[in-house]
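Here are the chains, one letter per residue:
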Amino acid sequence: MKIASWNVNSLKVRLPQLAQWLADARPDVVALQETKLEDARFPVDELAAAGYRAVYSGQKTYNGVAILARGEPQDVVTDIPGLDDPQRRILAATIGDLRVVDLYVVNGKAVGDPKYAYKLDWLAKVREFLAREHERHPNLVVLGDFNIAPDDRDVYDPVAWGGEVLCSPPEREALKRITDLGLHDSFRLFEPDGGHYSWWDYRQGAFRRNMGLRIDLILLGDALKPAARAAAIDREPRRWERPSDHAPATLDLDI
DNA sequence: ATGGTTGTTCAACAA
């Protein structure tokens, strides 16, 4: 099966691109971030026409996550213990034998900003949730927009980005505390080299110049690691008209 | 250095 994560930066704007990509790439499970839609406005019928069931946790203007799958997602969780948060950033569901957790990690704005403190606190609380999920569901996939470049290979200009938000040591340490739960960055099971990014700023022709960061990740629990067959970032939809600033990350799993 | 671009909403914020 094929799993994917895509920050669509407004599902209202990006629905045509998403439908095209679903038809082209034919993923079995897709985690979306930044849908920016209230649940009542989620395009259930359009996605059903594309062959996908959906669960979603959205809000107006900001944030919003969704999981698309061929079958009905079960045991849906939108809120976790210890995190009383109106921001819709977490969605967990069971799809067949797979437990899927979709995350839209806090951006953090800048090191030292109150939003940066919120990001680190959010990550610590989500880590505790993921530890419990992993105990209950060995076949765990955690994917989404992590808003953290795991290491300097994931950054086009590590000197310029050194210590900045998305690359700072406390953020990378918070991510490591999550991967240390036995959740493996699937892209790095296949690709040791740098220069592969999933987000490029809309400004200054950053995509054309491949000035990007790899911040969209698919983490695989220990039990699923042997089933990984291929990982990629599909830059094709980033070349289309009116693109998201993110490209989909994909993973082929032999299950 | 605080630029520039897109989305939501309509001046300002978030990314």
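Residues numbered from 1 in each chain as written. Chains lettered and ligands numbered in written order. Predicted model: local features only at pLDDT ≥ 70, side-chain atom pairs only at ≥ 80, totals over all residues. Heavy atoms only, no water.

**Let's talk about the sheet that holds strand S13 (residues 228–233)**
Strands sit in the order S3-S4-S2-S1-S14-S13 across an open sheet of 6 strands; the sheet is mixed. On the outer flanks of this sheet lie strand S3 (53–57) and S13, each paired with one strand and no other. Taking each pair of neighbouring strands and ignoring which way they run, the sheet shows an average axis angle of 15 degrees. Sitting on the sheet, helix H1 (residues 11–25) is in contact with strand S1 (2–7), strand S2 (29–33), strand S4 (65–69) and strand S14 (249–253), with an inclination near 160 degrees to S1. (Pairing = 2+ DSSP bridges. Helix = DSSP H or I, 4+ residues; strand = E, 2+ residues; numbered from the N terminus. Axes fitted to C-alpha atoms, helices over the stretch in contact; angles between N-to-C directions. Contact = heavy atoms within 4.5 Å.)

**With respect to the protein's contact with DNA strand B**
Taken together, 16 residues form the shell around DNA strand B, and within it Ser10, Arg14, Thr61, Lys115 and Arg203 come nearest. Backbone atoms, meaning sugar and phosphate, form 72% of the atoms of DNA strand B found within 4 Å of the protein. Within the side chain of Arg242, an N or O atom sits 3.2 Å from a phosphate oxygen of DNA strand B. Looking at side-chain class alone, the surface near DNA strand B contains 4 nonpolar, 4 polar and 8 charged residues. (Near = heavy atom within 4 Å. Polar contact = N/O pair within 3.5 Å; in protein donor to acceptor, adjacent residues only side chain to side chain. Nonpolar A, V, L, I, M, F, W, Y, C, P; charged D, E, K, R; others polar.)

**Quick look at the nonpolar core**
Side chains of a nonpolar character, in soluble globular proteins, are inclined to be buried together. Ranked by size, the top nonpolar core spans 25 residues in total, and within it Val101, Leu103, Trp122, Val126, Leu130, Val142 and Phe146 carry the most contacts. Contributions of two or more residues to this core are made by strand S6 (90–95), strand S7 (98–104), helix H3 (114–136), strand S8 (140–145), helix H5 (169–179) and strand S12 (216–221). In terms of residues, this core owes the most to one element, H3, which gives 6 residues. Val29, Val55, Leu98 and Ala227 belong to the second-largest nonpolar core, a separate cluster that totals 23 residues. (Core = buried A, V, L, I, M, F, W, Y, C linked by side-chain atoms within 4.5 Å. Buried < 20%, exposed > 50% of the residue type's maximum accessible area, 1.4 Å probe, protein only.)

**Concerning the UniProt feature "site: Important for catalytic activity" (unreviewed entry) in chain A**
Cross-referencing UniProt, the feature "site: Important for catalytic activity" (unreviewed entry) maps to Asp216 in the present numbering. Secondary-structure assignment places Asp216 in strand S12. Once you skip the residues sitting within four places of it in the chain, Asp216 turns out to touch Asn7, Gln33, Gly144, Asp145, Ser198, Trp199, His246 and Ala249. (UniProt positions renumbered as here; feature names shortened; annotations may be inferred.)

**Some remarks on the layout of surface pockets**
For the largest pocket, the calculated volume is near 750 Å³. In this structure, the largest pocket is lined by 30 residues; those nearest its centre are Glu34, Tyr104, Asn107, Lys109 and Asn147. Of the residues assigned to the lining of the largest pocket, the class counts are 11 nonpolar, 10 polar and 9 charged. (1 Å grid on protein atoms, 1.4 Å probe; cavity = no way out; pocket = protein on both sides within 12 Å on 5 of 7 lines; lining within 4 Å. Points joined across faces, edges and corners; volume = space filled by probe spheres on them.)

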